[in-house]
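Here is what each chain is made of, one letter per residue.
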Amino acid sequence: MTTRVAKDTAFLREVAKVFAKYPGVKHRYALASLAIPLEMGIDFDKQIGVCRSEGDKVVIEFQDRGEDSKLRMRHCDVQNEDGTCQAWSGELAE
């Protein structure tokens, strides 16, 4: 599997400019590559990543999208450009 972003350097330079323009948010947001899940054949229209921590690791399991009320109560960690959640993590208080 490759996760190189060399071909995206112009895009990443522009993203860096945005973070420089808004320094107050640089520790609240991150840019994540979806290269590995895409190479694994994950279909984000049909599946979502559910994150959990195990010691010093973050584990993402991909599950079918559905009407699971528990997933609606989780925090979205990774959104795509239109705001659709791509990866969820721990339960939020009700």
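Residues numbered from 1 in each chain as written. Predicted model: local features only at pLDDT ≥ 70, side-chain atom pairs only at ≥ 80, totals over all residues. Heavy atoms only, no water.

**Quick look at the overall build of the protein chain**
Then, number 1: From N to C terminus, the protein chain includes 3 helices and 4 strands.
Then, number 2: Taken from N to C terminus, the helices and strands of the protein chain fall in the order α-α-β-β-α-β-β.
Then, number 3: Across the 94 residues of the protein chain, 18% fall into the buried class.
Then, number 4: Of the contacts made within the protein chain by residues no fewer than 6 positions apart, 22% connect residues no fewer than 24 positions apart.
Then, number 5: As displayed, the protein chain has an accessible area near 7600 Å², and 53% of this comes from carbon and sulfur atoms. (Helix = DSSP H or I, 4+ residues; strand = E, 2+ residues; numbered from the N terminus. Buried < 20%, exposed > 50% of the residue type's maximum accessible area, 1.4 Å probe, protein only. Contact = heavy atoms within 4.5 Å. Areas by Shrake-Rupley, 256 points an atom, 1.4 Å probe, with all protein chains shown as cover.)

**A closer look at the pairing of strand E2 (residues 57-64)**
Then, number 1: Taken together, the 8 bridges between strand E1 (residues 47-54) and E2 define a ladder with antiparallel strand orientation. In the sheet register, Gln47 faces E2, and the bridge partner there is Asp64. (Pairing = 2+ DSSP bridges.)

**Quick look at the confidence of the model for the protein chain**
Then, number 1: Within the protein chain, residue pLDDT values average 77, and 80% of them lie at 70 or more.
Then, number 2: Averaged pLDDT values over the elements of the protein chain bottom out at 53 in helix H3 (residues 69-72) and peak at 91 in helix H1 (residues 9-21). (pLDDT = per-residue confidence, 0-100.)

**Observations concerning the side chain of Gln47**
Then, number 1: Of note, Gln47 is situated in strand E1.
Then, number 2: Not counting residues within four places of it along the chain, the set of residues in contact with Gln47 comprises Gly41, Ile42, Phe62, Gln63, Asp64 and Arg65.

**Considerations on the nonpolar core**
Then, number 1: With 5 residues, the main nonpolar core is built from Ile48, Val50, Cys76, Cys85 and Trp88.
Then, number 2: Within the residue set of this core, elements represented by two or more residues are E1 and strand E4 (85-91). (Core = buried A, V, L, I, M, F, W, Y, C linked by side-chain atoms within 4.5 Å.)

**Quick word on the pattern of salt bridges**
Close approach of charged atoms allows side chains with opposite charge to pair.
Then, number 1: Under the criterion given, the structure shown has 1 salt bridge.
Then, number 2: Here Glu14 ties to Lys17 by a salt bridge, and the two come within 3.1 Å at their closest N and O atoms. Of this pair, Glu14 and Lys17 both sit in helix H1, separated by 3 residues, roughly a single helical turn. (Salt bridge = Lys/Arg side-chain N within 4 Å of Asp/Glu carboxyl O.)

**Focus: the packing of aromatic side chains**
Then, number 1: Under the definition given, this model contains 1 aromatic pair.
Then, number 2: Judged by centre distance (6.0 Å) and plane angle (75 degrees), the rings of Phe44 and Phe62 are edge-to-face. Of this pair, Phe44 sits in the loop between helix H2 (35-39) and E1 while Phe62 sits in strand E2, and the two are 18 residues apart along the sequence. (Phe/Tyr/Trp six-rings, centres within 6.5 Å; stacked < 30°, edge-to-face > 60°.)

**Considering the environment of Ser89**
Then, number 1: Within the fold, Ser89 resides in strand E4.
Then, number 2: The sequence separation of Ser89 and Cys51 amounts to 38 residues, and the corresponding C-alpha distance is 4.5 Å.

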